[in-house]
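Below, each chain spelled out in residue letters.
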Amino acid sequence: KRQFLKFSERQRNWQLLRRGRYLEFNLLNDRGVKFGLVSGGRTESIMVSAPPLVRWAYNVQPEAGSEEEKLLAVLKNPRSWAN
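Residues numbered from 1 in each chain as written. Predicted model: local features only at pLDDT ≥ 70, side-chain atom pairs only at ≥ 80, totals over all residues. Heavy atoms only, no water.

1. Points about the packing of helix H1 (residues 9-29) against helix H2 (residues 31-38)
In a pair of packed helices, the angle between the axes and the distance between the axes together describe the arrangement.
Next, step 1: Close contact between H1 and H2 brings their axes to 6 Å; oriented N to C, the two are set at 65°. Touching Asn26, Leu27, Leu28 and Asn29 of H1 are Arg31, Val33, Lys34 and Leu37, all from H2.
Next, step 2: Taken together, the residues that form the contact of H1 with H2 break down as four nonpolar, two polar and two charged. (Axes fitted to C-alpha atoms, helices over the stretch in contact; angles between N-to-C directions. Helix = DSSP H or I, 4+ residues; strand = E, 2+ residues; numbered from the N terminus. Contact = heavy atoms within 4.5 Å. Nonpolar A, V, L, I, M, F, W, Y, C, P; charged D, E, K, R; others polar.)

2. Points about the pattern of salt bridges
Once the charged atoms of two side chains with opposite charge are near each other, the side chains can pair.
Next, step 1: On inspection of all chains with the given rule, the structure shows three salt bridges.
Next, step 2: As a salt-bridge pair, Arg10 and Glu68 come within 2.7 Å of each other at their nearest N and O atoms. Of this pair, Arg10 sits in helix H1 while Glu68 sits in helix H4 (residues 67-76), and the two are 58 residues apart along the sequence. (Salt bridge = Lys/Arg side-chain N within 4 Å of Asp/Glu carboxyl O.)

3. Looking at the side chain of Glu68
Next, step 1: A residue is classified by how much of its surface remains accessible, and Glu68, at 8% relative accessible area, is buried.
Next, step 2: Residue contacts for Glu68: discarding those within four places in its chain leaves Arg10, Gln11, Trp14 and Pro62. (Buried < 20%, exposed > 50% of the residue type's maximum accessible area, 1.4 Å probe, protein only.)

4. With respect to unusual backbone geometry
Next, step 1: One non-glycine residue with positive phi stands out, namely Asn59, at about 50°.
Next, step 2: In this structure, Asn59 sits in the loop between helix H3 (43-47) and H4.

5. A closer look at the packing of H1 against H4
Next, step 1: For the pair H1 and H4, the least separation of the axes is 12 Å and the interaxial angle reads 25°. Here H1 is positioned roughly parallel relative to H4, judged by the angle of their axes. Here H1 contributes Arg10, Gln11, Trp14 and Arg18 to the contact with H4, which in turn contributes Glu68, Leu71, Leu72 and Leu75.
Next, step 2: Considered class by class, the residues forming the contact of H1 with H4 number four nonpolar, one polar and three charged. (Parallel < 35°, antiparallel > 145°, perpendicular 65-115°, else oblique.)

Written out as structure tokens, the structure is:
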């Protein structure tokens, strides 16, 4: 749906950083992934569900007032949409 939208290098880097955080969460917190890793499952089979490209960086802080900063504010303070 959005595959033809233009994006900047900064936006692409942000996407890769978010994917890295997703993978980090799955490896550390997802019970199914943890079970597969500790029970001797095939690492390749577990990792195939990871995004194909990710990026890690230490203590990343988005620029003040950027869309990325606004996104993090929403993610850190979720709303209860059901009420």
